[in-house]
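Residue-level listing of the chains:
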Amino acid sequence: MARIIVVTSGKGGVGKTTTSSAVAMGLAKKGHKTAVIDFDVGLRNLDLIMGCERRVVYDFVNVINGEATLNQALIKDKRCNNLYILPASQTRDKDALTQEGVGKVLDELSKGFKYIICDSPAGIERGANLAMYFADDAFVVTNPEVSSVRDSDRMLGILSSKSRRAEEGKEPIKEYLLLSRYSPERVKLGEMLSVDDVQDILSLHLLGVIPESKSVLNASNSGTPVILDEKSDAGQAYADIVARYLGEDKPHRFIEDKKGLFGKLFRSR
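The paragraphs below set out a description of the structure included in this document. (Residues numbered from 1 in each chain as written. Predicted model: local features only at pLDDT ≥ 70, side-chain atom pairs only at ≥ 80, totals over all residues. Heavy atoms only, no water.)

### Focus: the nonpolar core
1) Next: F39, F60, L86, L97, V102, L109 and I116 are the most contacted members of the largest nonpolar core, which has 49 residues in total.
2) Next: With five residues, helix α7 (residues 146-161) is the single largest residue contributor to this core.
3) Next: When sequence neighbours within four positions are dropped, the list of residues in contact with L86 reads V36, I37, D38, D59, F60, V63, L70, A73, L74 and V105.
4) Next: Listed in part, the 37 residues of the second largest apolar core include I75, L83, I227 and Y238. (Core = buried A, V, L, I, M, F, W, Y, C linked by side-chain atoms within 4.5 Å. Buried < 20%, exposed > 50% of the residue type's maximum accessible area, 1.4 Å probe, protein only. Helix = DSSP H or I, 4+ residues; strand = E, 2+ residues; numbered from the N terminus. Contact = heavy atoms within 4.5 Å.)

### What to know about the sheet that holds strand β4 (residues 83-86)
1) Next: Read from one edge to the other, the open sheet built from eight strands follows the order β3-β4-β2-β5-β1-β6-β7-β8, with strand pairing classed as mixed. Every interior strand has two partners, whereas the edge strands, β3 (75-76) and β8 (205-211), have only one.
2) Next: Sheet topology note: the strand β1 (residues 3-8)/strand β5 (residues 115-119) ladder contains five bridges and is parallel. Residue pairing in the sheet places I5 in a bridge with I117 of β5.
3) Next: Packed onto the sheet, helix α10 (residues 195-202) meets β6 (137-142), β7 (174-182) and β8 and runs at close to 150 degrees relative to β7. (Pairing = 2+ DSSP bridges. Axes fitted to C-alpha atoms, helices over the stretch in contact; angles between N-to-C directions.)

### Quick notes on the pattern of salt bridges
1) Next: With the rule as written, the count across this model stands at 13 salt bridges.
2) Next: Here D137 and R3 are joined by a salt bridge, their closest N and O atoms 2.9 Å apart. Residue D137 is located in strand β6, and its partner R3 is located in strand β1; the two are separated by 134 residues in the primary sequence.
3) Next: For D137, a relative accessible area of 2% puts it in the buried group.
4) Next: Judged by relative accessible area, R3 falls into the partly exposed class, the value being 27%.
5) Next: The salt bridge involving R44 is made with D47; its shortest N-O contact spans 3.4 Å. Judged on exposure class, the residue R44 and its partner D47 are both buried.
6) Next: Linked through salt bridges whose partners overlap, the residues forming this network are R186, E191 and E212. (Salt bridge = Lys/Arg side-chain N within 4 Å of Asp/Glu carboxyl O.)

### Section: α7
1) Next: Taking 1.5 Å per residue as the helical rise, α7 with its 16 residues ought to reach 22 Å, and the 23 Å between its terminal C-alpha atoms agrees with that figure.
2) Next: Every buried residue of α7 is listed here: S148, V149, S152, M155, L156, I158 and L159. Axial view of α7: buried residues confined to an arc of 165 degrees, hence all on one face. Across α7 from its buried face, at more than 90 degrees, point the exposed residues V146, R150 and R154.
3) Next: Along its buried surface, α7 packs onto β1, α6 (126-133), β6, β7 and α10. (Expected span 1.5 Å × (residues − 1). Arc of directions from axis to C-beta.)

Here you go:
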């Protein structure tokens, strides 16, 4: 059976789709057959970031409604044979997703895939709730600012009480923290929360810190998951996140202020 991972947050614009595409590509590159699903019906961005928007013929809602088979709707990534994308519909509303329909699609995917990544919309509307309902693991993406962290805390309550696992009395969803757009320099200036501040509020296992980086925007604009930019800090951060999720021991590289460390070295001479 596949492991279903929801990438979620309470607030929009924190990097969920960037994270979904990067993690999916990272898992696939590690040899695991992986599918990534866009749950953001009506807004559809995953196919753009994955660089396959011109290849979309059928979508998630078409499959749910029986207008296409799953095999017809899945798009195979051109860069990695283990990765497949299931795009959202741009022309339907969020009520097009049903619990029964989503469950059937996930059950069918589970027969042939090791990991299924659910790219959730922000907030607590229908698409987000359905993305979370079937999850085994949750990657909670938050920015180091009070409003983002507070909204993520609200999502944790939903994950623990409104999932299939909670309803059936099974082991709870495993929750992981991904802290995005992090800048140690701005933390020093008191302009954003520190890693410790966020962990004190959310009490989650820290899976990774993604630094503020222009490479994320560049990758999105070019339709390339940023994890493939191995020279960028953000690409390396996502590679570390995938490795940690798979059980590797990786130190956190992007929490300290590099300039501050270099400055201390020079001042000590």
